[in-house]
Amino acid sequence: MSLPASPSASRSPVEQAAATRPAPEASGPIVADDAEPSTTPATAGQRRPRGSYWITTFGCQMNKADSERMGGILEAMGYTVAGDEHTADLVLYNTCTIRDNAEQKVYSYLGRQALRKRADPHLTLVVAGCVAQQEGEALLRRVPELDLVMGPQHANRLASLLERVESGQQVVATEEHHILEDITTARRDSRVCGWVNVIYGCNERCTYCVVPAVRGREQSRLPQAIRLEIEGLAAQGYREVTLLGQNIDAYGRDLPGITPAGRRAHTLTDLLAFVHDVEGIERIRFATSHPRYFTKRLIDACADLPKVCEHFHIPFQSGDDDLLRAMGRGYTVERYRRIIDRIRQRMPDAAISADVIVAFPGESDAQFQRTLALVEELGFDQVNTAAYSPRPNTPAADWSGQLPESVKVERLRELNALVEQIARQRSERYLGRTEEVLAEAVNPKEPSQLMGRTRTNRLTFFPAAKPDGGDHRIGDLVRVHIDAVRSFSLSGSAC
Ligand code: SAH
Ligand code: SF4
Ligand code: F3S
């Protein structure tokens with residue numbers, strides 16, 4: 001790992017640069033204070049030419065959505081997108097710490113930028129996201145060249161935090177924070193599919209997971225704010241939205257209100273119905289679902305609401321009940337099986353994807369075999385697999401029964417081979433069928449083709465040229481005759 005030397009090392013250009021900063025340096029970094037109201041670029045970080053910016057995003061869809069909002073804030077401040085990470089005036093790493101290798105990746109990127117900053121003190125270096133939250137001030141000690149360390153709850157405050165950096169401070173913003181609505185326009189990567197956060201944070205306590213520690217308590221956005229964002233997306237020509245939350249089934253449980261029937265007034269099911277009729281939006285997805293809270297009512301709503309796509313991402317983590325209990329997941333394999341059965345009763349062609357952890361502390365070979373058996377039995381379209389990685393301040397990291405790397409590698413290899421084989425079988429069902437595909441982008445490997453996904457989330461390639469002349473355009477819903485299938489993608493010709 002190439003990390004810069006500690007600040008006490010011999011005098012380097014960066015120390016001279018730091019010395020030009022005003023006094024606050026003397027009393028250490030400024031830890032952003034929640035007493036100060038959050039501001040948005042409308043009132044802070046006034047727009048003026050500020051040079052170029054580069055954002056690299058690690059981790060999950062939540063981070064991708066945050067990066068798009070932070071990109072929007074930077075542009076509202078007057079930054080323009082850089083052509084190259086190594087010449088940008090501001091570099092922001094939006095980081096992930098879900099597993100150790102994700103975290104280590106960030107340090108190697110940072111090492112390179114820290115070196116650059118020694119030569120060019122004008123570079124503004126920002127670490128946002130989950131490593132920032134986990135490490136806080138310790139990151140500044142490790143990488144003293146950093147200007148701003150900001151946790152995920154502070155993404156919408158980027159403008160006011162950068163203003164403090166511009167006044168010469170090193171800033172750490174990691175305190176628990178009520179996330180305010182951001183009024184800037186996100187700079188979205190896609191012109192067709194938009195992420196929409198509906199609930200931030202996670203109140204679960206899975207014994208392996210850092211997310212609750214780095215993303216904080218659950219905070220649901222109000223249905224009206226969510227609908228307004230979706231209407232805005234529709235007005236810009238977006239056709240698909242994905243509602244996002246680490247535990248999206250928890251949506252609304254922190255919002256007040258009870259229905260006359262004694263139910264919570266705000267649930268994911270109600271939210272889907274509430275946003276369903278936004279004109280112009282043709283597809284609605286949501287992720288990530290938790291089997292503990294996935295209800296029959298939700299399944300019925302998905303079956304009944306035509307825009308909700310027949311794809312469900314429901315991590316099961318392990319096929320063994322004792323391990324599920326040790327993980328603190330709050331469901332059994334049987335409950336998981338019933339959810340999938342119910343989905344397939346109502347939507348026979350539904351695609352199911354999941355996340356699985358192998359080599360959790362104490363996982364025996366027999367327990368691992370139960371995970372393999374479940375993957376085979378339920379026939380997943382896609383499974384994200386990972387070997388257990390001990391994380392700081394999580395209970396399972398301190399348990400006995402940690403498994404050696406060799407077991408992790410071997411189990412992962414075996415599971416991945418099975419996942420691929422099952423996914424391939426699941427792909428077979430598309431052969432010869434005609435599927436509705438939303439054209440999302442040009443195939444970067446073959447510019448005469450467009451690519452998009454079926455309603456069931458299978459990546460699909462097809463020729464941009466229409467059979468009767470003209471071209472399909474990005475944003476079109478195209479009927480594609482599938483004539484080639486692979487484990488995780490399809491190809492076909494537009495009809
Ligand atoms: N909220 C989702 C997933 C969040 S993290 C859920 O409840 O399922 C994404 C995935 O990373 C998890 O589903 C899990 O499979 C994996 N993961 C989380 N912590 C991990 C760890 N310590 N080691 C290995 N994989 C982990
Ligand atoms: Fe982590 Fe569990 Fe929350 Fe998912 S539900 S983010 S695995 S604590
Ligand atoms: Fe990673 Fe944070 Fe997402 S730890 S998986 S970026 S919530």
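Report on the accompanying structure. (Residues numbered from 1 in each chain as written. Chains lettered and ligands numbered in written order. Predicted model: local features only at pLDDT ≥ 70, side-chain atom pairs only at ≥ 80, totals over all residues. Heavy atoms only, no water.)

## Quick look at the packing of helix α8 (residues 223–235) against helix α9 (residues 268–275)
Phase 1 of the analysis: One way to put it is that α8 packs onto α9 with a least axis distance of 10 Å and a crossing angle of 40°. As summarised for this structure, α8 and α9 are arranged oblique, according to the angle between their axes. Once α8 is placed against α9, the crossing between them reads as right-handed. Across from P223, Q224, I226, R227 and I230 in α8, the residues of α9 making contact are L271, F274 and V275.
Phase 2 of the analysis: Here the contact of α8 with α9 is composed, by residue class, of six nonpolar, one polar and one charged. (Axes fitted to C-alpha atoms, helices over the stretch in contact; angles between N-to-C directions. Helix = DSSP H or I, 4+ residues; strand = E, 2+ residues; numbered from the N terminus. Parallel < 35°, antiparallel > 145°, perpendicular 65-115°, else oblique. Left-handed = near helix turned anticlockwise from the far one by under 90°. Contact = heavy atoms within 4.5 Å. Nonpolar A, V, L, I, M, F, W, Y, C, P; charged D, E, K, R; others polar.)

## Re unusual backbone geometry
Residues apart from glycine generally show negative phi values, whereas peptide bonds are mostly found in trans.
Phase 1 of the analysis: Of note, the amide linkage connecting A287 to T288 takes the cis form, showing an omega dihedral of 0°.
Phase 2 of the analysis: With respect to the element layout, T288 can be found in the loop between β12 (283–287) and α10 (296–304).
Phase 3 of the analysis: Residue N393 is not a glycine yet carries a positive backbone phi of 60°.
Phase 4 of the analysis: Along the chain, N393 turns up in the loop between β15 (382–387) and α14 (405–428).

## Describing the side chain of T269
Phase 1 of the analysis: Structurally, T269 is set in helix α9.
Phase 2 of the analysis: Leave out the neighbours within four places in its chain, and T269 touches T295, R297, L298 and A301.

## Regarding helix α12 (residues 333–346)
The periodicity of an α-helix, 3.6 residues per turn, causes residues three or four positions apart to be oriented the same way.
Phase 1 of the analysis: In this model α12 runs 20 Å from its N-terminal to its C-terminal C-alpha over 14 residues, within 8% of the 20 Å that 1.5 Å per residue would give.
Phase 2 of the analysis: All buried positions along α12 are accounted for by V333, Y336, I339, I340 and I343. Take α12 and look down its axis: the buried residues cluster within an arc of 125°, on one side only. Seen from the buried face of α12, the exposed residues on the opposite side, beyond 90 degrees, are R338 and Q345.
Phase 3 of the analysis: Contacts made by the buried residues of α12 are with α10, β13 (311–313), α11 (321–327), β14 (351–358) and α13 (365–378). (Expected span 1.5 Å × (residues − 1). Buried < 20%, exposed > 50% of the residue type's maximum accessible area, 1.4 Å probe, protein only. Arc of directions from axis to C-beta.)

## Things to note about the pattern of salt bridges
Phase 1 of the analysis: Counted according to the given criterion, the structure contains 43 salt bridges.
Phase 2 of the analysis: With a shortest N-O distance of 2.8 Å, D300 and R342 are connected by a salt bridge. Of the two residues, D300 is situated in helix α10 and R342 in helix α12; the sequence distance between them amounts to 42 residues.
Phase 3 of the analysis: Residue classification places D300 among the buried residues on the basis of a relative accessible area of 16%.
Phase 4 of the analysis: Assessed through its relative accessible area of 22%, R342 is described here as partly exposed.
Phase 5 of the analysis: Between E410 and R413 there is a salt bridge; the shortest N-O distance is 2.7 Å. You can see E410 and its partner R413 sitting in helix α14, three residues apart, about one turn around the helix.
Phase 6 of the analysis: Judged by relative accessible area, E410 falls into the partly exposed class, the value being 35%. (Salt bridge = Lys/Arg side-chain N within 4 Å of Asp/Glu carboxyl O.)

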